Amino acid sequence: MIQARIAKHFAPGPESAGFSLNVEFLAASGVTVLFGASGSGKTLTLDCIAGFVRPDSGRILLDDEILFDAAAKVNLRPQNRHCGYVFQNYALFPHMTLRENLAFAAERRPRLERHRRVNEMLEKFQLTGVSGRRPHEVSGGEKQRCSIARALIGEPKLLLLDEPARGLDAPLRAGLYATLGQVRAAFKVSVLLVTHDLDECFELGDEMLVMREGRIVQSGAPGDILAHPANVEVARLLGLSNLFNAEITALDPGRNTSRLKVSDFELTGLYYPGRLLGDRVWSFIPAEDLRVAPQDGSKPEGNNRVAVKLVRVSETPRAIRLEFSRDITVEMSRAEFERQKDNKEWLVEFPPQSIRVL
């Protein structure tokens, strides 16, 4: 378990803006993901924990061992922190074979134990057949597995991974996920992983820390955060569509309904406790929850049905994405799109239970 309270400030320079990191979090066993846009402080947080960057103030504990304490003037060297680090570029020594890279990371062990441990890691990470090759002589997946094996060979208490899937094609990404699944099953180590890929958060993360401009703005399980973003900034970081600034024009707790005015149309949603008439709020509706129909007179506009014009159609691996006027986005199955693609005019229907207020 890692407990961290970290503050680090960089003053602005002639060619760089200032930046302040101020985070506090607890990451238990399993995989905790630091998620956020580039420049939000994710890698800097890892570097402070690993000992590569000294915070200005704060305290870092790993399983109750103090790694850093500004007030007590404790600052353990990186090699004494029991952390394994997998860098974006793998950082394997280019003049060493894969076997030698692992042996270097295990140099504190007695010779026979080091030899045994290296062989064990080569076998676990399917590298025995290429152990005599140098990094430029092996595939990207093999370099990646070697980097993870090297980080684990010293039996760290915490594994730090800085965007390990960045730049990988689909097969290598799938291989990475399989390798990290193996790590979770075979090694008793907590994992702190940096990414700006939301799919990766769901694929790997047990907990998710959302970072923005050097701060943690929300934490929780990935599914909970996606379903209930804390504010509009988090919703935008998550890439959510159908974000509307709205005014609450009616509240009826008896009927469990509310009325929202969104620019030039109105919607009926569920009752929103704690809100008042006239409140300005941000609402969002998941793109996959919206329904479309032809505007052919069979269903009139109104009653949460909004007339729109189709602006753009794009295909994703899992669905067809339709972008309409009025900043409305819908995702539907390919079969449903084929059935409706010849619509001349469109209606989008908003299910009341899907309209969420931030």
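The structure this text deals with has already been given above.
Residues numbered from 1 in each chain as written. Predicted model: local features only at pLDDT ≥ 70, side-chain atom pairs only at ≥ 80, totals over all residues. Heavy atoms only, no water.

**Student:** In this structure, what is going on with the packing of helix α4 (residues 140-152) against helix α5 (residues 170-186)? I would like to understand it.
**Tutor:** In a pair of packed helices, the angle between the axes and the distance between the axes together describe the arrangement. Axis separation between α4 and α5 bottoms out at 10 Å; the angle between their running directions is 20°. Between α4 and α5, the angle is such that the two are roughly parallel. Crossing of α4 against α5: the hand is right-handed. Seen from α4, the contacting residues are Gly140, Gly141, Gln144, Arg145, Ile148 and Leu152; seen from α5, they are Leu172, Leu176, Thr179, Leu180 and Val183. Looking at the contact of α4 with α5 residue by residue, the classes come out as six nonpolar, four polar and one charged. (Axes fitted to C-alpha atoms, helices over the stretch in contact; angles between N-to-C directions. Helix = DSSP H or I, 4+ residues; strand = E, 2+ residues; numbered from the N terminus. Parallel < 35°, antiparallel > 145°, perpendicular 65-115°, else oblique. Left-handed = near helix turned anticlockwise from the far one by under 90°. Contact = heavy atoms within 4.5 Å. Nonpolar A, V, L, I, M, F, W, Y, C, P; charged D, E, K, R; others polar.)

**Student:** What should I look at first to understand the sheet that holds strand β4 (residues 57-62) in this one?
**Tutor:** What links the strands of a sheet is backbone hydrogen bonding, and the strands pair in either a parallel or an antiparallel sense. With antiparallel pairing, the five strands of this open sheet are ordered in space as β2-β1-β4-β5-β6. Each of the sheet's edge strands pairs with one partner strand only, and the pair in question is β2 (19-27) and β6 (74-75). One ladder, built from six bridges, connects strand β1 (residues 2-10) with β4; its direction is antiparallel. Of the residues in β4, the one forming a bridge with isoleucine 6 is glycine 58. In the packing of helix α1 (residues 42-50) onto the sheet, the strands contacted are β1, β2, β4 and β5 (65-69), and the crossing angle to β2 comes to about 65°. (Pairing = 2+ DSSP bridges.)

**Student:** Please explain the packing of aromatic side chains as it appears in this structure.
**Tutor:** The description of two aromatic rings rests on the distance between their centres and on the angle between their planes. Scanning the entire structure with this criterion turns up nine aromatic pairs. Plain terms: the ring middles of phenylalanine 244 and phenylalanine 265 are 6.0 Å apart, the flat faces sit at 85° to each other, and that makes the pair edge-to-face. Taken together, the positions of phenylalanine 244 in strand β12 (residues 243-252) and phenylalanine 265 in strand β14 (residues 265-270) put the pair 21 residues apart, joining distant regions of the chain. Judged by its relative accessible area of 5%, phenylalanine 244 falls in the buried class. Judged by centre distance (6.1 Å) and plane angle (35°), the rings of phenylalanine 265 and phenylalanine 350 are tilted. Of this pair, phenylalanine 265 sits in strand β14 while phenylalanine 350 is found in the loop between β21 (346-349) and β22 (356-357), placing the two residues 85 residues apart along the sequence. You can call phenylalanine 265 buried: its relative accessible area is 7%. An aromatic cluster of three or more residues is present, and its members are Phe52, Tyr85 and Phe87. Sitting over the ring of phenylalanine 10, lysine 8 keeps its end group 5.5 Å from the ring centre. (Phe/Tyr/Trp six-rings, centres within 6.5 Å; stacked < 30°, edge-to-face > 60°. Buried < 20%, exposed > 50% of the residue type's maximum accessible area, 1.4 Å probe, protein only. Lys NZ or Arg CZ within 6 Å of the ring centre and 35° of its normal.)

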